[in-house]
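Analysis of the macromolecular model
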Amino acid sequence: MKEILKRMCISFAISSFAGLLVNLLIDFFVNAAGAVEGFVSIPPEFLAKFTTPVMAAYANVLLYGVIGASFATMTFVFEINRLGFLLQYLLYFCLTGIILAFVTLHLWELHRYPVPLICTLSGYAMSFLIMGIVQYRMVKQDIDKINELIVRE
């Protein structure tokens with residue numbers, strides 16, 4: 001439990017910082033290019049939920065952290081040994097997908113903006129793919145170690 005909480009806190013911090021950095025870069029380059037005057041990379045519907053754009057930006061960074069923390073927290077499913085790897089992987093996908101869908105569709109309302117929605121879902125798919133590869137390699141290493149021990153006996 002302590003390890004999961006540690007992962008959650010670290011992931012929250014990294015995700016919040018990365019989200020903030022990405023938003024700053026997008027805002028800087030779009031505004032510097034003069035493509036859209038006063039551009040802010042937060043959907044207007046999300047901005048409207050707050051009294052000031054600054055509060056919306058803080059909430060946005062907090063949501064990035066929540067998404068990252070949920071990814072880290074839900075890794076507990078990979079520690080349930082009774083479940084097969086494929087079931088663990090699908091369960092992880094569903095649990096994190098529910099949180100991501102809630103934030104992106106309900107709070108950010110990205111279903112109104114196809115390009116950001118596709119980018120967000122693509123990022124999720126890539127994260128999911130990376131997580132699957134890492135977990136598969138870890139399981140494979142464990143199996144190889146077990147097989148080595150069996151062969152030695």
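Everything below is about the structure shown above.
Residues numbered from 1 in each chain as written. Predicted model: local features only at pLDDT ≥ 70, side-chain atom pairs only at ≥ 80, totals over all residues. Heavy atoms only, no water.

**A closer look at helix α5 (residues 114-152)**
Worth spelling out the cut-off: In this description a helix means any DSSP run of H or I spanning at least four residues, a strand means any run of E spanning at least two, and both kinds are numbered starting from the N terminus. Given the number of residues in a helix, its expected span is that number minus one, multiplied by 1.5 Å. For each residue, the accessible area found with a 1.4 Å probe, counting protein chains only, is set against the maximum for its type, and the residue is called buried under 20%, exposed over 50%, and partly exposed in between. By definition in these notes, contact holds between two residues if any of their heavy atoms fall within 4.5 Å.
Taking 1.5 Å per residue, 39 residues should reach 57 Å; α5 reaches 57 Å between its end C-alpha atoms and fits that length. Within the span of α5, buried status applies to Leu-117, Tyr-124, Phe-128, Met-131, Gly-132 and Gln-135. If you follow the buried residues of α5, they end up packed against α3 (53-73) and α4 (85-107).

**Description of the side chain of Ser-16**
Counted only if it meets this: Contacts described as polar in this section are N or O atom pairs within 3.5 Å, which, within protein, must combine one atom able to donate a hydrogen with one able to accept it, while residues neighboring in sequence count only if both atoms come from side chains.
Relative to the elements of secondary structure, Ser-16 occurs in helix α1 (residues 2-33). The class of Ser-16 is buried, set by a relative accessible area of 10%. Among the polar contacts listed, one links the side chain of Ser-16 to the backbone oxygen of Phe-12, at a separation of 2.8 Å. Each residue touching Ser-16, except ones within four places of it in the same chain, is listed here: Val-61, Tyr-64 and Gly-65.

**Let's talk about the packing of aromatic side chains**
Note on aromatic pairs: each is described by the distance of the centres and the angle between the planes. Our working rule: In this analysis, rings of Phe, Tyr and Trp, with Trp reduced to its six-membered ring, are considered paired at centre separations within 6.5 Å, and the interplanar angle assigns stacked below 30 degrees, edge-to-face beyond 60, and tilted for intermediate values.
This model, assessed by the stated rule, comprises nine aromatic pairs. Three or more aromatic residues joined by ring pairs make a cluster, and in this case those are Phe-71, Tyr-89, Tyr-92, Phe-93, Tyr-124 and Phe-128.

**A closer look at the pattern of salt bridges**
Note that side chains of opposite charge can pair when their charged atoms are close. To keep things clear, this is the line we draw: Each salt bridge in this description consists of a side-chain nitrogen of Lys or Arg and a carboxyl oxygen of Asp or Glu lying within 4 Å of one another.
In this structure the tally under the stated criterion is five salt bridges. The closest approach of N and O atoms between Lys-49 and Glu-109, which form a salt bridge, is 3.6 Å. With Lys-49 in the loop between α2 (44-47) and α3 and Glu-109 in the loop between α4 and α5, the pair connects residues that are 60 residues apart, well separated along the chain. Glu-109 gets classed as buried once you look at its relative accessible area, which sits at 13%. Among the ionic pairs, Arg-112 bridges to Glu-109, the shortest N-O distance being 2.9 Å. Residue class for Arg-112 comes out partly exposed when judged on its relative accessible area of 49%.

Honestly, it's all geometry; don't read function into it.
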